[in-house]
Amino acid sequence: MKHINIAILFSGNGSNLENIAQFLRLDSTKDKLESIGLKVAITLGLCNNPNAYGLKRCENLGIPTQIISHKDYHTREAFDEAISEVLQKARIDLVVLAGFMRILGAEITKQFTIMNIHPSFLPLYKGAHAIRDSFLGSEDFGGVSVHFVDENLDSGEMVLQEKIPKIAGESLQDFEHRIHTLEYQIYPQALLRVLEDLARGNGLGDKTKA
Ligand code: GRF
């Protein structure tokens, strides 16, 4: 059995973090992963914001956390390095971003396999206001995308994405609610896909690890 340590990086609410944690603890998920030779756990919650509600969620879920505030570092590189050190020390195999509001640079994105969820049908509406921008956009759909992370914003190879049709007269709040509901379906599915790939022998994780 191969043990996979996941780190989730977040900055705020942490609802995707909690959803993934619960998904990984389902007997059906554990059975599925064990059948392909994997034992998977979130062994670290890493947060750049000391006031994030996600920290409380981690506490309730029994996930150890570490806070690395970007404000304590003068450069993005130094911040990335601090994160990288913690991930290496914790022997993290796969990094999952869930509402992590910092851009990671070339070094760390090459070093680790990192996934992200974005609340639009990429490449449409990159950036921090994707739900509002996509709601106001001319397309008749919104969407959710899960992708691997490279040094560019909301870029990187796509793992899974899905559209939802817009509903005439719908409020932004209701649209946002449907987007989040879709996120809670898509992220676990995408994660499973990546883990299955890993089980098939495709290298992931800390690429410096033997
Ligand atoms: C989600 O909409 C995600 O797509 C985006 O940030 C939000 C995080 O929400 N990247 P939460 O912290 O998981 O509740």
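Residues numbered from 1 in each chain as written. Predicted model: local features only at pLDDT ≥ 70, side-chain atom pairs only at ≥ 80, totals over all residues. Heavy atoms only, no water.

(A) Examining the UniProt feature "domain: Formyl transferase N-terminal" (unreviewed entry) in the protein more closely. Within this numbering scheme, the UniProt entry marks residues 5–191 as carrying the feature "domain: Formyl transferase N-terminal" (unreviewed entry). Secondary structure over residues 5–191 splits into 41% helix and 24% strand, and the C-alpha atoms at its two ends are 13 Å apart. (UniProt positions renumbered as here; feature names shortened; annotations may be inferred. Helix = DSSP H or I, 4+ residues; strand = E, 2+ residues; numbered from the N terminus.)

(B) Layout of the site of the ligand. Neighbouring residues of the ligand: Asn13, Gly14, Ser15, Asn16, Gly99, Ile117, His118, Pro119, His180 and Glu183. Within the side chain of Asn13, one N or O atom sits 3.1 Å away from an oxygen atom of the ligand. The contact in question runs from an oxygen atom of the ligand to an N or O atom on the side chain of Ser15, over 2.5 Å. Contact with the protein chains removes 86% of the 360 Å² of surface that the ligand exposes when unbound. Mapped onto the shell around the ligand, the elements with two or more residues apiece are helix H1 (15–25), strand E5 (114–118) and helix H7 (172–199). (Near = heavy atom within 4 Å. Polar contact = N/O pair within 3.5 Å; in protein donor to acceptor, adjacent residues only side chain to side chain. Areas by Shrake-Rupley, 256 points an atom, 1.4 Å probe, with all protein chains shown as cover.)

(C) Layout of unusual backbone geometry. Of the consecutive residues Leu122 and Pro123, the connecting peptide bond is found in the cis state with omega at 10°. Structurally, the position occupied by Pro123 is in the loop between E5 and helix H6 (130–136). Phi at Tyr125 is positive, roughly 55°, even though this residue is not glycine. Inspection of the secondary structure assignment puts Tyr125 in the loop between E5 and H6. The class for Tyr125 is partly exposed, based on a relative accessible area of 22%. The backbone of Asp154 shows a phi angle near 45°, a positive value even though the residue is not glycine. (Buried < 20%, exposed > 50% of the residue type's maximum accessible area, 1.4 Å probe, protein only.)

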